[in-house]
Every structure is written in C-alpha cells, then in structure tokens.
Amino acid sequence: MVNVKIENSKPIKTFKNCKMTKFYEVRRRDGAARIGILSLPGEKKQTPLLFRVDALSTGEEAIKVVHAEDSNFNDLFQEDLWDVPRGAVLLPEVHPLFTNVKDAPLFVDFFVLSIASNMHNSPRDFVRRIIDARNMIPPDVALWVPAIATAENAALLFYMGVDIIDDTNAVINGYQAIYQVEEGEIRLNELEELPCNCSVCASLSINELRGKDFKERALLLARHNTALLDKETKKAKERIRAGNLREYVEMKVRSSTFLTAVLRILDLYESEYFELRTPIARRGCMKANTMESLKRIEVKRFANRVLERYEPPARKILLILPCSARKPYSTSPSHAKFIDAIGDYRGHIHELILTSPLGVVPRELEVVYPAAFYDIPVTGYWDAEEREWVSSCLHAYLERNLRNYDTVVAHLSGAYKEICSGVAEDLGIKVVFTCEEGVDATSKESLERLRNCVSELCGDKKRLSGFEMKASVIKAMADFQFCIGAGNELVARKEGERIKITGRYPSFKLSLGGGVLARIVSAYGTLALTVNGARRIENFLSSYNVEIGDFVPEGSILAPGVVNASEQIRVNDEVVFVGEKAFGVGRAKMSGWEMVESRRGVAVQVREVRPL
Ligand SMILES: [Zn+2]
C-alpha cells in the first residue's frame, strides 16, 4: 500500500534509503524491461512472470499481498517476519497511510498497481499510471500490473517496466467467448477454425468447442487464452535476453491503434524515463524498420553526443559521404571505393557519413554503438520525417563545426544530395558536389571527379603517419564515451613516452612502454580502459565514477557495496571504481542511480582491480 499522486514523470526518490527487497533480484536489463528472480520457498521464478489467478486464490503460489486495510499491514515494516515474497498494493490515489510509509523502511518484494483494469480509458492514462508507479517504487522491487495483460499488450507492458502480469483477463475473456490471438481478439462465433496449436485447440474442432456447455467452453477458452499469454511472456523474455525487445514492441503495437498511441506517447513524453534505463551499447543489431525507430533513445543519444562529445580533427577539407549497408562503413565495397579515390590524402580530409536514422556519423566514430550496429530498409525513398531529422542533424553539425573547414565537399547523390543542398542553402554555405545529377556515387565517373577534386584541394600534402590516423579514432571514441578532453589526454605523446597503437582496425590496442592503456572492443563498439589507462585520464572520468566501500572487489561489485555512483552511468558503460582499499575498471551492469538505490544485484563487472 503506497500511494502518491504525481503530476509529472520525474523520478521521485520516495524510498531512496529504504532497505527493501529480500526475495527479488534483477539479473538483466533491456531498457526499462528486466529479467529478475523471485525466490519462492523451494523454487525460483523468473520475471517477466505470469501469475495464475487460480493458483493465487488456492494459495498454491507462496506469496503474500498486503492491502493497506489488512490487519497485518504493519508487519511490512519488519524485515524478518516473512519467509515468502510479500507485495503491497500501490493505490492510484493519495492514501492517508502513505505519509507514515514513505520515510520508513517498508519491506516488500513487489508492488501491485491497483485498479489497473481501468487504464484502458486513454493511452495517456495507461502511460501515466505505469510510469508513475515505476518511478515511485525502488528499482529493485518488482511491479505487478494485474488484470490487463493480453497476448497483444504483454510485450509493451514489460517494455515499460512491468515485471509481473496475470491471467485474469485471459480467464474473463474465456467466459465472454472471446478467443485471444497474438494480435488481438476474435469472438468465438466469428471464427471458422481455431488458428492455434495449443493443447486445447489441437484437441478439438471449432464446432466441438462451440457445442460444449457454457462453463466447459469458458474454461477451455480460458486455457487457450492463458497458454497464448504464457507463450507471449516467454517470447518477450527471450527478446529482453537478446537486448532487442524494442524491435519486438514496434512490431507488436502495429496491431492496435491504442498500443501504437501508447508507444508514441512514451517516445514523445517519457524519453527521460527511458534515457535513464537504456544501455550505452549492445552486441546485437538495432533494426530501424518503423517510423517509431527514429525516436529511439539510442538514436537521440547518438545525435546529441556527436554535438556535445565530439571534436573533429584539425583538417581543412570536409568530405560528406553516403552510408552503406555493411558496417562499419569502411568495410563496405562502396566505402572501399571512396577511400581508394581519396588515396594518400586521407589524413587531410575529414570524412562525415550522412545516414538515417543516426543523422551524421564522423568516420572516427563509425565503430561505436549504434553506428556499427544498425540496419534500415533501403529503397532510395526517404520520407519527410526522415529527411527532416537527418537534415537537422547535418545542419546542427555544420553550424557547430564549420569554422574548422575551408572547403566542404559532398560526394552524394539522390536524396542524400537533396538533403545536403537544402542544408547548405539554409546555412548559406558553398558545397562542392562531386556527383552529377542522376549519377551514382560509386560510378567510375563520380569516383574520378572525387579523386580529381581531392587532389586539387590537397596539392602536395604528405601522407599522414599510421599512428596519427589510428590515434584519431581512439581519441574520438574516448571523448565520445567519457567527455571531451579525455581522448587527447589518452593518446597525446608526452615527452619521452613510447606510446603505440597495434592491432587490426577496428580492434586497436593502445599501449605505453609495453603496458596496455585501452583497447577497442568492437563487439560492443566501446573503448575499454585498463587501470593504467584510467589513471592516465582520471581527471576526465568524473562522470563515470563508482565509489565503493572498504573492500577489494573480485569478479563483480554488488549494489550494496556501492557508496555512490555518477548519475551519468548507464548499463554497459565503462566505469572506474574507487574505494579505500581498491581502484579499478569495469563495465556497469546497472545505471548509476540504480546502483545507489538498489540493495541487490550486480552493479559493476570488474575487469581489473588494483589494491591500494
Ligand atoms: Zn490454442
């Protein structure tokens, strides 16, 4: 029972210092969605979890839900009184008991959002109620939204941060002669056959099902509806594990205008909620197949960081190139041709890739996430919104960095060229276009024009050293990941230093006097520091610090061991941890705010530790 009315979605740290859960632990995250473990006596259940209402009412599920009015409500304030997971009901309105509760340690493992069934009144209400609830409760307790889950909306519920659903709706639909399918529901009398292979549907025909008496038919339909919901829960869990629940949600919401509206409202008004929870890097490919893909946190974050955390190298010629299907771009056949045309002048030219949905990708950042990890359907047609977004990215980049360059060359054709011309006109700048109207950028003719243009502009400039070229990549990646200045501090040769970069692109390794400082982890598109590397740029890592307690960590640092953590930290960020007894580097497994507010779970995976 906890209840507050909040008007906006800013996280309210109601329970900041409360010690909460004993039986629930979050193990894995994909944005706001999580996989967790709920420990019941004798067994552990994974969330996202589907509760069976009949099992709950017969007491088969060993959990306890406490309402504010229950006589044992005050027991929730005592840590050791319970040996099963306990939940408290989260009321939608301000409840008089709330004032007593908010500052006291209330020991619960999950919260139940009460009167959730009326959330279907409006998409905004649906968003508000769930996001408010999630913001109001600690990150390491589960959220159960009862009685509204269907096979159609379950993935979206998990995407928003719901951990537990139940089959109430599936059972009620059974009594209403409603047959649920993955993409919605059909009245039993509208079906010609049963489009499913579950144990119910495989065992009888539609006419046999229709012929059953009311009670039996309702139970059979309920069993089918529940089986479908169970399957959907498992599918969503698999997506969370793979880190691509968002793609699945974009696909699932298509079947319903209500759910599509919910996703669009989330993208429009809840970006802060998702920004706090979205990982900095993933292993998998980000598929941008829908109009909503343009609004993803990963896309907005990348575009913002190109403006805020990137300084182009000191080169006088900017060359704008089109993107390629293969990533990193420079491994594609088209880019091999562009690079060949630039030849030995490469080190004097700054390459910028124009692309949807990321906007602009400086060549030095082509291996970072998501620049090397996205895919879009290519048709040659760009819709108005895509054009507007990519134009705005190029416009912002040029406005900020134009003073670096003497000349802007664009080796672009088709829509890319139109976008670039429009931006150049807006800014009143002259751009040299090297592709004739209607001629492809990879044609012999276009490449020859590029070659001539570059050689004319560069004249007798000498080829840049291999070290300088490689260092520009590591420098840009360090700036992008930590803050501007970090990169220069990391790669700049100080007096008497023997610093070198080895390895095949993009798996570069930076070392000093034989000891490694940093390496590019191409599977994640990140730069991993060693303790020596972190020491070297310590002054630039203040946004990625985790303060730990009085111990020397091994393997991983758990949330209770974290004293404080920078707010900027997101899942998969490179972090440095500092305590009285140890200094080290590792990868964040939860956001910085979550490390501070959680009592359970792995906060940092340690890569290297040095006892102090
Ligand atoms: Zn079935």
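Small disclaimer: the values here were computed from a predicted structure and weren't measured.

### Here's the deal with the overall build of the protein chain
Next, step 1: From N to C terminus, the protein chain includes 20 helices and 29 strands.
Next, step 2: Reported as C-alpha extents along the three principal axes, the dimensions of the protein chain are approximately 90 × 65 × 40 Å.
Next, step 3: Distance between charge centroids for the protein chain: 5 Å, based on 83 positive and 83 negative side chains.

### Re the packing of aromatic side chains
Next, step 1: Using the criterion set out here, one finds 11 aromatic pairs in the structure.
Next, step 2: Ring centres of phenylalanine 110 and tryptophan 144 lie 5.9 Å apart, and the angle between their planes is 55 degrees; this geometry places the pair in the tilted category. Here phenylalanine 110 is found in strand β8 (residues 110-113), whereas its partner tryptophan 144 is found in strand β9 (residues 142-144), with 34 residues between them in sequence. Accessibility classification places phenylalanine 110 together with tryptophan 144 in one group, the buried group.
Next, step 3: Measuring from centroid to centroid gives 5.5 Å for phenylalanine 302 and phenylalanine 480, while their planes differ by 55 degrees, and the two rings are tilted. Separated by 178 residues along the polypeptide, phenylalanine 302 in helix α12 (residues 297-308) and phenylalanine 480 in helix α17 (residues 466-481) bring together distant segments of the chain.
Next, step 4: Among the residues examined, phenylalanine 302 registers a relative accessible area of 2% and is labelled buried.
Next, step 5: The rings of Phe51, Phe110 and Trp144 are connected pair by pair, giving a single aromatic cluster.

### Looking at the sheet that holds strand β24 (residues 545-548)
Next, step 1: The sheet built from six strands is open, its strands ordered β25-β29-β28-β27-β24-β26 with mixed pairing. Each end of this open sheet is capped by a strand with a single partner; those strands are β25 (556-558) and β26 (562-565). Shown here is a sheet whose adjacent strand axes are inclined to one another by a mean of 35 degrees, direction ignored.
Next, step 2: Across three bridges, β25 lies against strand β29 (residues 602-611) in antiparallel orientation. Bridge pairing links serine 556 to glutamine 605 in β29.

### Overview of helix α16 (residues 444-458)
Next, step 1: End to end, α16 covers 21 Å across 15 residues, agreeing with the expected 21 Å (1.5 Å per residue, within 8%).
Next, step 2: Every buried residue belonging to α16 is among Ser446, Leu447, Leu450, Cys453, Val454 and Cys458, and all of these are buried. Mapping the buried residues of α16 onto a view down its axis gives an arc of 125 degrees, with all of them on the same face. Exposed residues lying more than 90 degrees from the buried face of α16 are Lys444 and Glu456.
Next, step 3: One or two residues past the end of α16 sits glycine 459, with phi positive at roughly 55 degrees.

### Points about the domain arrangement of the protein chain
Next, step 1: Per the domain assignment, the segments of the protein chain are domain 1 (2-268), domain 2 (310-458) and domain 3 (482-611).
Next, step 2: One C-alpha centre belongs to domain 2, the other to domain 3; they are set 33 Å apart.
Next, step 3: Of the residues lining the interface, 10 residues belong to domain 2; the matching set on domain 3 comes to eight residues.
Next, step 4: Of the roughly 590 Å² buried between domain 2 and domain 3 on both sides combined, carbon and sulfur atoms contribute 63%.
Next, step 5: If you sort the residues of domain 2 by the area they bury against domain 3, Glu311, Val367 and Phe373 come out on top, with a joint share of 58%.
Next, step 6: Applying the counting rule to domain 2 against domain 3 returns zero salt bridges.
Next, step 7: At the surface where domain 2 touches domain 3, the tally comes to two residue pairs in polar contact (both at pLDDT 80 or more).
Next, step 8: Residue classes in the side of domain 2 that touches domain 3 are distributed as five nonpolar, one polar and four charged.

### Re the environment of leucine 209
Next, step 1: Structurally, the position occupied by leucine 209 is in helix α7 (residues 206-211).
Next, step 2: Residues leucine 209 and leucine 220 lie 11 residues apart in sequence; the distance between their C-alpha atoms is 8.0 Å.
Next, step 3: If near-sequence neighbours (up to four positions away) are discounted, leucine 209 is found in contact with Leu188, Leu194, Leu204, Arg217, Leu220 and Leu221.

### So, helix α9 (residues 245-252)
Next, step 1: Burial of α9 is extensive: seven of the eight residues sit out of reach of the surface.
Next, step 2: Of the residues making up α9, those classed as buried are Leu245, Arg246, Glu247, Tyr248, Val249, Glu250 and Lys252.
Next, step 3: In the core, the buried residues of α9 are packed alongside β2 (24-30), β3 (33-40), α4 (154-160), α8 (214-242), α10 (257-269) and β13 (286-287).

### Some details on the coordination of the zinc ion
Next, step 1: Taken together, the protein ligands of the zinc ion are Cys196 (SG), Cys198 (SG), Cys201 (SG) and His224 (ND1), with distances of 2.1 to 2.3 Å.
Next, step 2: Because the angles between the four donor atoms bound to the zinc ion fall within 100 to 116 degrees, the donor set is best described as tetrahedral.
Next, step 3: Sequence positions of the residues that donate to the zinc ion give the spacing C-x1-C-x2-C-x22-H. Here cysteine 196, found in the loop between β12 (184-187) and α6 (199-203), pairs with histidine 224, found in helix α8; they are 28 residues apart in sequence, far enough to count as distant. When sorted by exposure, cysteine 196 lands in the same class as histidine 224, which is buried.

### So, the environment of leucine 365
Next, step 1: Mapped onto the fold, leucine 365 is located in the loop between β16 (359-362) and β17 (374-375).
Next, step 2: On the basis of relative accessible area, leucine 365 is assigned to the buried category, the value being 0%.
Next, step 3: Those residues in contact with leucine 365 that lie beyond four places of it in its chain are Val306, Tyr310, Ala371, Ala476, Met477 and Phe480.

### Description of the sheet that holds strand β23 (residues 526-529)
Next, step 1: Overall, antiparallel pairing links the four strands, which are arranged β20-β21-β22-β23 in an open sheet. Of all the strands in the sheet, the pair left with one neighbour each is β20 (499-502) and β23. If you compare each strand with its neighbour and ignore which way they point, the axes differ by 20 degrees on average.
Next, step 2: Note that strand β21 (residues 509-512) and strand β22 (residues 515-521) share four bridges and pair antiparallel. Across the sheet, leucine 510 pairs through a bridge with alanine 518, a residue of β22.

### Here's the deal with the packing of α8 against α9
Next, step 1: Here α8 crosses α9 at 140 degrees, and the two axes come no closer than 8 Å. Accordingly, the angle class assigned to the pair α8 and α9 is oblique. Seen from α8, the contacting residues are Glu232, Lys235, Ala236, Arg239 and Ile240; seen from α9, they are Leu245, Glu247, Tyr248 and Lys252.

### Some points on the packing of helix α14 (residues 384-401) against helix α15 (residues 414-427)
Next, step 1: Interhelical geometry of α14 versus α15 gives an angle of 50 degrees and a closest axis separation of 9 Å. Regarding the angle of α14 to α15, the classification is oblique. Crossing geometry of α14 relative to α15 is assigned as right-handed. Residues Arg387, Val390, Ser391, Leu394, His395, Leu398 and Glu399 of α14 form the contact with α15, whose own contacting residues are Ala415, Glu418, Ile419, Cys420, Val423, Asp426 and Leu427.
Next, step 2: Partitioned by chemical class, the residues of the contact of α14 with α15 number eight nonpolar, two polar and four charged.

Cut-offs and rules
Residues numbered from 1 in each chain as written. Predicted model: local features only at pLDDT ≥ 70, side-chain atom pairs only at ≥ 80, totals over all residues. Heavy atoms only, no water. Helix = DSSP H or I, 4+ residues; strand = E, 2+ residues; numbered from the N terminus. Lys, Arg positive; Asp, Glu negative; His and termini not counted. Charge placed at Lys NZ, Arg CZ, Asp CG, Glu CD. Phe/Tyr/Trp six-rings, centres within 6.5 Å; stacked < 30°, edge-to-face > 60°. Buried < 20%, exposed > 50% of the residue type's maximum accessible area, 1.4 Å probe, protein only. Pairing = 2+ DSSP bridges. Axes fitted to C-alpha atoms, helices over the stretch in contact; angles between N-to-C directions. Expected span 1.5 Å × (residues − 1). Arc of directions from axis to C-beta. Domains from an automatic or database assignment. Contact = heavy atoms within 4.5 Å. Buried area = accessible area lost by both parts, 1.4 Å probe. Salt bridge = Lys/Arg side-chain N within 4 Å of Asp/Glu carboxyl O. Polar contact = N/O pair within 3.5 Å; in protein donor to acceptor, adjacent residues only side chain to side chain. Nonpolar A, V, L, I, M, F, W, Y, C, P; charged D, E, K, R; others polar. Donors = N, O, S within 2.8 Å, 3.2 Å for Na, K, Ca; no water. Tetrahedral: all angles 85-135°; square planar, octahedral: opposite > 155°, others 65-115°. Parallel < 35°, antiparallel > 145°, perpendicular 65-115°, else oblique. Left-handed = near helix turned anticlockwise from the far one by under 90°.

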